[in-house]
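# Structure assessment
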Amino acid sequence: MKKKMVMIAVVAALGAGASFQAAAQAKPEQLVKQRQSAMVLIGWYFGPIGAMMRGDRPFDAAVVARNAGYLEVLSKLPAEGFQPSTKDEKTKAKPEVWSDKAKFDKAMENMQGEIGKLAQVAKGGDMGAIKTQFGATGKSCAACHDDFRMK
Amino acid sequence: MSEPTRAVKVWDLPVRLFHWLLVALFLFSLLSGKMKGNWMEWHMYSGFAILALVIFRILWGFAGSTHARFSSFLAGPGACLRFAKRLLSKAPAYVAGHNPIGGWMVIILLLSLLLQAGTGLFANDDISIEGPLYKFVSKEMSDRLTAIHYYNFNVMVFFVFTHVAAVVFHVFVKKENLVSAMFTGTRNLDAATEVPAARFASSWLALILFALALVAVYLVVKRPF
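Quantities reported herein were computed from a predicted structural model and do not represent experimental measurements.

## What to know about the overall build of chain B
Along chain B, the regular secondary structure elements total eight helices and two strands. Overall, chain B shows an N-to-C arrangement of helices and strands of β-α-α-α-α-α-α-α-β-α. What you see for chain B is a C-alpha radius of gyration of 19 Å, in line with the 17 Å of a compact globule of 225 residues. Per-residue burial over chain B gives 44% buried out of 225 residues. Pairs at least 24 residues apart make up 72% of the contacts formed inside chain B by residues separated by at least 6 positions. Counting only carbon and sulfur atoms, one obtains 74% of the accessible surface of chain B, whose full area is about 11700 Å².

## Structural notes on helix α6 (residues 101-124) of chain A
All names here are of chain A. In this model α6 runs 35 Å from its N-terminal to its C-terminal C-alpha over 24 residues, within 8% of the 34 Å that 1.5 Å per residue would give. Of the residues making up α6, those classed as buried are Phe104, Ala107, Met108, Met111, Glu114, Ile115, Gly116, Leu118, Ala119 and Ala122. In this structure, the buried residues of α6 make contact with α2 (28-53), α3 (61-74), α4 (78-81), α5 (96-99) and α7 (127-148). Looking one or two residues beyond α6, the residue adopting positive phi is Gly125, at roughly 80°.

## Considering the packing of aromatic side chains
Taken as a whole, this structure holds 13 aromatic pairs over all chains when the rule is applied. With 5.0 Å between their ring centres and 80° between their planes, Tyr45(A) and Tyr70(A) make a pair best called edge-to-face. Of this pair, Tyr45(A) sits in helix α2 while Tyr70(A) is found in helix α3, placing the two residues 25 residues apart along the sequence. Take Tyr70(A): its relative accessible area is 37%, and that puts it in the partly exposed class. With centroids separated by 5.3 Å and ring planes inclined at 65°, the aromatic side chains of Phe158(B) and Phe159(B) adopt a geometry described as edge-to-face.

## Things to note about the interface of chain A and chain B
Think of interface size as the accessible area that goes away when the parts come together; that is how it is often given. Each side of the interface is counted separately: chain A has 17 residues, and chain B has 15 residues. Here chain A meets chain B over a buried area of about 1400 Å², counting both sides, of which 53% is carbon and sulfur. When the buried area of chain A at its contact with chain B is split by residue, Arg54(A), Lys139(A) and Lys151(A) rank highest and sum to 42% of it. Linking chain A with chain B are four salt bridges, by the criterion used here. A salt bridge links Lys92(A) to Asp143(B); the shortest N-O distance between them is 3.9 Å. Taken together, chain A and chain B are joined by five residue pairs in polar contact (both at pLDDT 80 or more). Those elements giving two or more residues to the side of chain A that touches chain B turn out to be α2 and α7 of chain A.

## Structural notes on the packing of helix α2 (residues 39-63) of chain B against helix α5 (residues 100-122) of chain B
All names here are of chain B. Interhelical geometry of α2 versus α5 gives an angle of 140° and a closest axis separation of 9 Å. Between α2 and α5, the interaxial angle falls into the category oblique. Along this stretch, α2 crosses α5, giving a crossing that reads as left-handed. Note on element contacts: α5 touches α2 through Leu110, Leu113, Leu114, Ala117 and Leu121, opposite Gly47, Phe48, Ile50, Leu51, Val54, Arg57 and Ile58. Split by residue class, the contact of α2 with α5 holds 10 nonpolar, one polar and one charged.

## What about the pattern of salt bridges?
Within this structure, the stated rule accounts for 13 salt bridges over all chains. Where Arg187(B) meets Glu176(B), a salt bridge forms, and the shortest distance between an N and an O atom there is 2.8 Å. With a gap of 11 residues between them, Arg187(B) in strand β2 (residues 186-189) and Glu176(B) in the loop between α6 (139-172) and α7 (178-184) connect regions that are remote in the sequence. A residue is classified by how much of its surface remains accessible, and Arg187(B), at 6% relative accessible area, is buried. A relative accessible area of 4% places Glu176(B) in the buried class. Taken together, the shared-partner salt bridges connect Lys92(A), Arg149(A), Asp126(B), Lys139(B) and Asp143(B) into one network.

Criteria and thresholds
Residues numbered from 1 in each chain as written. Chains lettered and ligands numbered in written order. Predicted model: local features only at pLDDT ≥ 70, side-chain atom pairs only at ≥ 80, totals over all residues. Heavy atoms only, no water. Helix = DSSP H or I, 4+ residues; strand = E, 2+ residues; numbered from the N terminus. Rg over C-alpha atoms; globule rule 2.2 N^0.38 Å. Buried < 20%, exposed > 50% of the residue type's maximum accessible area, 1.4 Å probe, protein only. Contact = heavy atoms within 4.5 Å. Areas by Shrake-Rupley, 256 points an atom, 1.4 Å probe, with all protein chains shown as cover. Expected span 1.5 Å × (residues − 1). Phe/Tyr/Trp six-rings, centres within 6.5 Å; stacked < 30°, edge-to-face > 60°. Buried area = accessible area lost by both parts, 1.4 Å probe. Salt bridge = Lys/Arg side-chain N within 4 Å of Asp/Glu carboxyl O. Polar contact = N/O pair within 3.5 Å; in protein donor to acceptor, adjacent residues only side chain to side chain. Axes fitted to C-alpha atoms, helices over the stretch in contact; angles between N-to-C directions. Parallel < 35°, antiparallel > 145°, perpendicular 65-115°, else oblique. Left-handed = near helix turned anticlockwise from the far one by under 90°. Nonpolar A, V, L, I, M, F, W, Y, C, P; charged D, E, K, R; others polar.

Here is the structure:
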């Protein structure tokens, strides 16, 4: 029994080490791909909610709740791709991402918080409440795009 | 400075309504564009309305009252230079309609508004909203037009500031009642100012042209106002 526990601990430690290793050794272009992919997916699941809120698509509470649930996970992904090693990659990230990292991190957290709230509200299925939180979430996206993303 | 002794009607009702509606919608567009979030939907509608107004003003520039017509106020470089000299001298600079330089400002403002509203139709914010014509262009093209939408915003604001600064100069330095004239339609001119015979077009014609502009915009954006 004790031996088995040790085994599990060793494997877990190795696993954690391996994934840490992967992130640390990831090539800048892979990191860029990681964060851009995450952003594409966030847009993919966020956009249809907006279309429903504006009446461009029929409101479907189940789809909104599903998308918002995905978004809650997706929102946590892009931050990982913003490693200093990607500084010189040709992307739309402004130099301020690195020169004002604290503000950038705060903006990222802010977006995650708003999306978390959106996922909560979406479970309720109340369109009015969802629309309000959708607007707040959109603002948190825009705030970061304005300051840290080239046009 | 010779005293203004004559009250002359220069701006017809459509021009005045156009001007102040545009001011209101411009400010609303600016604010809603800054507020983002759910305000973007209203930003879009405001842009459609501005587009209709600008189209109307262009039509009115051909079919409207004398002082609204482009042919009546577009002047060559010589006239602009002479007017600039008069403006900077102590002499009065009364002109019945748009002065030669102000006339070009009208064109610049209309074109920059047209560019702004036009690029907005194809724009996307990479978050949740797209202009009604986004679907007809590639994402790359939309991004490029969106960038123009952002940059032209600054250009437009620069010209609006210049326009307002010029009006302030006319009102306080040249002692002309430009702002009240844009409300009442009547300007105070001095005896020496040449006042060409002006013909005023019917406001009903303006209403028809504006309705046509609205329909044209609706057919393009396929969205109710």
